[in-house]
Amino acid sequence: MALPSTYAGTALAGMFSHVAFFNKGEHHLYAPLYVKLFFTTLVGATAALSYIHEVAWTTALSTALKLVGSYLLGVYGSLLVYRLFLHPLNKFPGSFYARISYLWLALQIRNNLHVKLVELHQKYGSFVRIGSSDLSVLSPKAIEIVYGPNSRCIKGPIYDMTWPSVSLHLMRDPETHHARRRIWSHAFSDKLIRGYEHRVRGYRQQLVDQFTEMEGQPINVRKWFNLYSFDVMGDLSFGQGFGSIERKEYHWAIKLLNATTDFVGLFLPAWTSLLLARIPGAMGDFEKFLEFCGQRLMERFKNDPEIPDISSSLFVPLKGKDITEITPAEENILYGDARLIVIAGSDTTSGALSTIFYELVRNPEEIEKLRAELAPCVDKDQPDGEFLHSKIAHLEHLNGVINEALRLYPAVPSALGRLTPPEGIIIDGVHIPGGTHILCPMYALARSELAYERPHDFISERWYKSPELVKDKTAFAPFSLGSFNCIGRPLALMNLRTTVARLVMEFDVKMAPGEDGSKFLGNAKDKFVLYLGDLDLVFTRR
Ligand code: HEM
């Protein structure tokens, strides 16, 4: 029905649309639209061919498929030639297949991007191409250039993975992000942090009570610190914890959330999750979690707490409004931010607590040093052996221990993806073209002699007494830098310092019988946030 020249024409049209349209700018947000267009065109072309040429629909469909197929062949043929031979990133080393697509890497990793990047940098050096437009750069100097306050890089397309559902964290446009961040920043003033310190204590007491009850028995700290941090962040987000420590189990909503994180760890391109989200039921668990957050948030909206929580600051722009007056756009960002408080603050804090205690039991002298430093700060006026954060915030060894754990086990170990500005950027004298999706693998950098002496050793003193063990301080950015950095840093540090101080002063702690820590690191998963494996420790009251 169609001549070979017609197929050649559609193939040429495909090539042209790649060069003139698809090869420019970002297209991932339109992935669902393109799929719809594909099927609409197919159906339309089948109907038109069948009507005009008066042939059976099967014959028309076969011709339509060939026409659409030759168009796609043109698009993808042109794309392939461009990526293999003309792409500006071709000057960087890496697997040949990485030139074709980032899917090459995504299909290899099993929630272990952090380890894979260590291997790739060992093989190829500081600059490694990991996808058609993706580059991993292992260099202390890169951190400031890519993430620092003067960086012109913006967040990469992966941050669009739940679009149109957004949160502060997922806002890519610098101006929109800045406006939302100003609202958030009120939540982390010194005054409000002191209020959170008060709120957190109740949950820490529950944790101490549970550890006391389980005295002498193996305690999986990965799980227990996680229950603790979820209760804390639930409280600061929704005005009440999840009741996890008391129940000794995860709340059902957190179980749903945990079930979805494996998908995040596949690091598939954003368009895949945008397409998946259109399949009814495919994001079921995540949607139920969102619904739960929404309900809790609306309950919280009706009840102002005596001591403000983080949501108190996020509700400020809605002052004077009734719940029924909240617009869908306001609801979207509020729900997103409520879920962000829980997600951003929980696994990160609990991961840090677990790695700190993992290193403390492996290096018992660290516990003695901490106790010696903390002893003068014990405050008889504080209830239940609690430490006042202002009295311990500047302790050098305590901060050294925390920094060293955050260095070796960064909460976000690899996937802080950024997009370079049109003019590109220069790192260590090398020009990185504009529009490159770049990441600096923090886990690999922590293990690199480019940045540290004895990088694999846990040495708290490198952060105060022995600065010569840090070759380049700019490599250390566990909370990231610049305008997209961790806004919850003061809260995280307050919680880490006061929790470590109290547990170390109240308990002796050691590995449980049969525990060697191999599961803890061996089963660690990079799912954007680093999730450690199980670790059984035994706590006994001093
Ligand atoms: C040890 C604990 C923590 C670590 C190591 C940590 C680390 C980080 C890092 C590396 C980022 C940058 C992520 C990115 O660019 O994609 C980030 C962002 C963020 N963190 Fe944390 N975090 C911690 C705890 C917390 C806590 C307790 C909160 C409290 C709510 C929090 C809230 C946030 C938010 C809201 C963002 C997004 C900021 C923005 O995009 O403007 N984090 N965090």
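Rules used in this analysis
- Residues numbered from 1 in each chain as written.
- Predicted model: local features only at pLDDT ≥ 70, side-chain atom pairs only at ≥ 80, totals over all residues.
- Heavy atoms only, no water.
- UniProt positions renumbered as here; feature names shortened; annotations may be inferred.
- Helix = DSSP H or I, 4+ residues; strand = E, 2+ residues; numbered from the N terminus.
- Donors = N, O, S within 2.8 Å, 3.2 Å for Na, K, Ca; no water.
- Core = buried A, V, L, I, M, F, W, Y, C linked by side-chain atoms within 4.5 Å.
- Buried < 20%, exposed > 50% of the residue type's maximum accessible area, 1.4 Å probe, protein only.
- Contact = heavy atoms within 4.5 Å.
- Phe/Tyr/Trp six-rings, centres within 6.5 Å; stacked < 30°, edge-to-face > 60°.
- Near = heavy atom within 4 Å.
- Polar contact = N/O pair within 3.5 Å; in protein donor to acceptor, adjacent residues only side chain to side chain.
- Pairing = 2+ DSSP bridges.
- Axes fitted to C-alpha atoms, helices over the stretch in contact; angles between N-to-C directions.
- 1 Å grid on protein atoms, 1.4 Å probe; cavity = no way out; pocket = protein on both sides within 12 Å on 5 of 7 lines; lining within 4 Å.
- Points joined across faces, edges and corners; volume = space filled by probe spheres on them.
- Nonpolar A, V, L, I, M, F, W, Y, C, P; charged D, E, K, R; others polar.
- Lys, Arg positive; Asp, Glu negative; His and termini not counted.
- Salt bridge = Lys/Arg side-chain N within 4 Å of Asp/Glu carboxyl O.

S.K.: Help me understand the UniProt feature "transmembrane region" (unreviewed entry) in the protein chain in this model?
M.R.: Residues annotated in UniProt with the feature "transmembrane region" (unreviewed entry) correspond here to residues 34–52 and 64–85. A distance of 26 Å separates the end C-alpha atoms of residues 34–52, which is 100% helix and 0% strand. Counted over residues 64–85, helix gives 100% and strand 0%. Its end C-alpha atoms are 31 Å apart.

S.K.: Would you mind going over the coordination of the iron atom of the ligand with me for this structure?
M.R.: Six octahedrally arranged donors around a metal ideally form angles of 90 or 180 degrees; four tetrahedrally arranged donors ideally form angles of 109.5 degrees. Just one protein atom donates to the iron atom of the ligand; it is Cys486 (SG), sitting 2.3 Å from the metal. Inspection of the secondary structure puts Cys486 in the loop between α20 (442–446) and α21 (489–506).

S.K.: How do you make sense of the environment of Ala47 when you look at a structure like this?
M.R.: Looking at where Ala47 falls in the secondary structure, it is placed in helix α2 (residues 31–53). Distance from Ala47 to Leu61, taken between C-alpha atoms, is 8.2 Å for residues 14 residues apart in sequence.

S.K.: Just checking my understanding: could you explain the environment of Phe458 for this structure?
M.R.: Turning to its location among the elements, Phe458 is positioned in the loop between α20 and α21. With 183 residues separating them in the primary sequence, Phe458 and Leu275 have C-alpha atoms 43 Å apart.

S.K.: So what exactly am I meant to see when it comes to the nonpolar core here?
M.R.: Within soluble globular proteins, side chains that are nonpolar generally end up buried alongside one another. Trp184, Tyr196, Phe211, Ile310, Phe357, Leu491 and Phe539 are the most contacted members of the largest nonpolar core, which totals 91 residues. With 12 residues, the single largest contributor to this core is helix α16 (residues 328–362). If we ignore the near neighbours within four places in the chain, the residues touching Phe357 are Phe225, Val500, Leu503, Val504, Val509, Leu537 and Phe539. Among the nonpolar cores identified, the runner-up in size contains 50 residues, and Leu105, Val137, Ile432 and Ala451 belong to it.

S.K.: Before we go on, may I ask you to explain the packing of aromatic side chains in this structure?
M.R.: Any aromatic ring pair is given by two values, namely how distant the centres are and how the planes are angled relative to each other. Within the structure shown, the criterion is met by 23 aromatic pairs. On the numbers, 6.2 Å between centres and 55° between planes, the contact of Phe211 with Phe225 is tilted. Of this pair, Phe211 sits in helix α9 (residues 190–213) while Phe225 is found in helix α10 (residues 221–238), placing the two residues 14 residues apart along the sequence. The exposure class assigned to Phe211 is buried, which follows from its relative accessible area of 0%.

S.K.: What's the story with the site of the ligand in this structure? I'm lost.
M.R.: Around the ligand, the surrounding shell holds 28 residues, and the nearest of these are Tyr159, His169, His177, Arg181 and Cys486. In this structure, Arg181 approaches the ligand through a side-chain N or O atom, which is 2.7 Å from an oxygen atom. Put simply, the parts of the chain that give the shell around the ligand at least two residues each are α8 (174–185), α16 and α21.

S.K.: Which parts of the structure should I look at to understand the sheet that holds strand β9 (residues 507–511)?
M.R.: Hydrogen bonds along the backbone pair up the strands of a sheet, which may run parallel or antiparallel. Spatial strand order, β4-β12-β9: three strands in an open sheet with antiparallel pairing. The sheet terminates laterally at β4 (218–220) and β9, the two strands that pair on one side only. Strand-to-strand twist of the sheet, defined as the mean angle between neighbouring strand axes without regard to direction, takes the value 40°. Relative to strand β12 (residues 536–541), β4 is paired through three bridges, and the arrangement is antiparallel. Bridge pairing in β12 links Ile219 to Leu537.

S.K.: I'm lost on empty space enclosed by the protein in this one. Help?
M.R.: Using a probe with the size of a water molecule, rolled over the atoms, empty space left in the structure can be pinpointed. Applying the stated criterion across every chain, the model contains two cavities of 30 Å³ or more. Size it by volume and the largest cavity reaches roughly 80 Å³. In this structure, the largest cavity is lined by Leu406, Arg407, Pro410, Met442, Leu445, Ala446, Tyr452, Ala475, Phe476, Ala477 and Pro478. Broken down by secondary-structure element, the contributors of at least two residues to the lining of the largest cavity are α19 (396–408) and α20. Here the second largest cavity is characterised by a volume of approximately 50 Å³. Asp347, Thr348, Gly351, Ala352, Thr355, Tyr409, Pro410, Ala411, Val529, Leu530 and Leu532 together form the lining of the second largest cavity. Elements that contribute at least two residues to the lining of the second largest cavity include exactly α16 and β11 (529–531). Here the lining of the second largest cavity takes five residues from α16, the largest share from any one element. Residue composition of the lining of the second largest cavity, by class: seven nonpolar, three polar and one charged.

S.K.: Sorry if this is basic, but what is going on with the side chain of Arg181 here?
M.R.: Checked against the element boundaries, Arg181 lands in helix α8. Comment: no salt bridge for buried Arg181; closest opposite-charge side chain is Asp337, at 11 Å. Within the structure, Arg181 has its side chain in polar contact with the backbone oxygen of Ser483 (distance 3.4 Å).

S.K.: What is the right way to read the sheet that holds strand β8 (residues 437–439) from this model?
M.R.: In spatial order, the strands read β1-β2-β8-β5-β3; together these five strands make up an open sheet with mixed pairing. Two strands lie at the open edges of the sheet, namely β1 (127–131) and β3 (154–155), each paired on one side alone. Pairing of strand β2 (residues 134–137) with β8 involves three bridges; the strand directions are parallel. Within β8, the position partnered with Asp134 by the bridge is His437. Packed on one face of the sheet, helix α6 (residues 113–124) meets β1, β2 and β8 and runs near 130° to β1.

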